[in-house]
Amino acid sequence: ARHAGGRPGRFLVGAAAGLPPAAHAQQATKVARIGMLSLGRGDKSDASLKTIDAFIPAMRALGFVEGQNIAFERKFADGDLNKLSELAQELVGQRVDAIVGLATPAVLAAKKATLSIPIVGIGMADPVEDELASSLARPGGNVTGTTFLGPKLVSRRLQLLKEIVPGLSRVIVLWHPRAYGERTMAS
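Residues numbered from 1 in each chain as written. Predicted model: local features only at pLDDT ≥ 70, side-chain atom pairs only at ≥ 80, totals over all residues. Heavy atoms only, no water.

It is worth spelling out the pattern of salt bridges at this point. Opposite charge on two side chains makes pairing possible when the charged atoms of those side chains draw close. Per the counting criterion, the structure on display carries 6 salt bridges. Asp-97 serves as the salt-bridge partner of Lys-30, at 3.1 Å between the closest nitrogen and oxygen. Taken together, the positions of Lys-30 in the loop between helix 2 (21-28) and strand 1 (32-38) and Asp-97 in the loop between helix 4 (81-93) and strand 3 (98-102) put the pair 67 residues apart, joining distant regions of the chain. With a relative accessible area of 56%, Lys-30 lands in the exposed category. Close ionic contact of Lys-83 with Asp-78 constitutes a salt bridge, the shortest N to O distance being 3.0 Å. When its relative accessible area of 28% is taken as the criterion, Lys-83 is described as partly exposed. Here Asp-78 falls in the partly exposed class, since its relative accessible area comes to 45%. Because the salt bridges share partners, they merge into one network encompassing Glu-73, Lys-75 and Glu-90. (Salt bridge = Lys/Arg side-chain N within 4 Å of Asp/Glu carboxyl O. Helix = DSSP H or I, 4+ residues; strand = E, 2+ residues; numbered from the N terminus. Buried < 20%, exposed > 50% of the residue type's maximum accessible area, 1.4 Å probe, protein only.)

This paragraph deals with the confidence of the model for the protein. Looking at the protein as a whole, the pLDDT averages 80, with 75% of positions reaching at least 70. Summarising per-element confidence for the protein, the mean pLDDT is lowest in helix 1 (residues 10-17) (37) and highest in helix 4 (97). When the criterion is pLDDT under 50, residues 1-19 qualifies, and its contacts beyond four places in sequence or with other chains add up to 11 contacts. (pLDDT = per-residue confidence, 0-100. Contact = heavy atoms within 4.5 Å.)

The sheet built from 5 strands is open, its strands ordered 2-1-3-4-5 with parallel pairing. At either end of the open sheet lies a strand with only one pairing partner, and these are strand 2 (70-76) and strand 5 (143-147). Between one strand axis and the next, the sheet turns by 20° as a mean value, whatever way the strands run. Judged from the 4 bridges that link them, strand 3 and strand 4 (residues 119-124) form a sheet pairing that is parallel. Of the residues in strand 4, the one forming a bridge with Leu-102 is Ile-122. Sheet strands in contact with helix 3 (residues 47-61) are strand 1, strand 2, strand 3 and strand 4, and its direction is about 170° off that of strand 2. In the packing of helix 4 onto the sheet, contacts are made with strand 1, strand 2 and strand 3, and the angle to strand 1 comes to roughly 175°. (Pairing = 2+ DSSP bridges. Axes fitted to C-alpha atoms, helices over the stretch in contact; angles between N-to-C directions.)

Quick look at the structure:
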């Protein structure tokens, strides 16, 4: 920027010097941009929206306030895996600072879209088997997060259920066919 005297930059420096200290701090604060990616619908009946909504206050407790020092870009694929991949590419194109993927399919889509942006997976099934991490102790790469080791614990969960309800003879399980990655489902 040039001011009337023709010298570049001096006007901006002078204007900035006249701002109150809080304004300097506000201008210096970088706003972290976090992409939030889910296979779900994102409407009020969708559990993924509730999970993402729970993430926001947890970040606030750590000092990250939406609209002040952090911005969330929420993307929902409405159950469409192809759309999920497109949304992951969009987040990479928007140059977000990190991607939070809700469950294995979202994390897989994010990992296919980038090897450099940090990815935090919430509720991954088996990140090692799904090739999202080298090991649980040392994930390596750009993916980290939480897992519930779904398929490996199914028999143990059923055993616990039988112990809690001794007369149990039948159990109905509702399972989303895309809940886990292909490798986990095959094992």
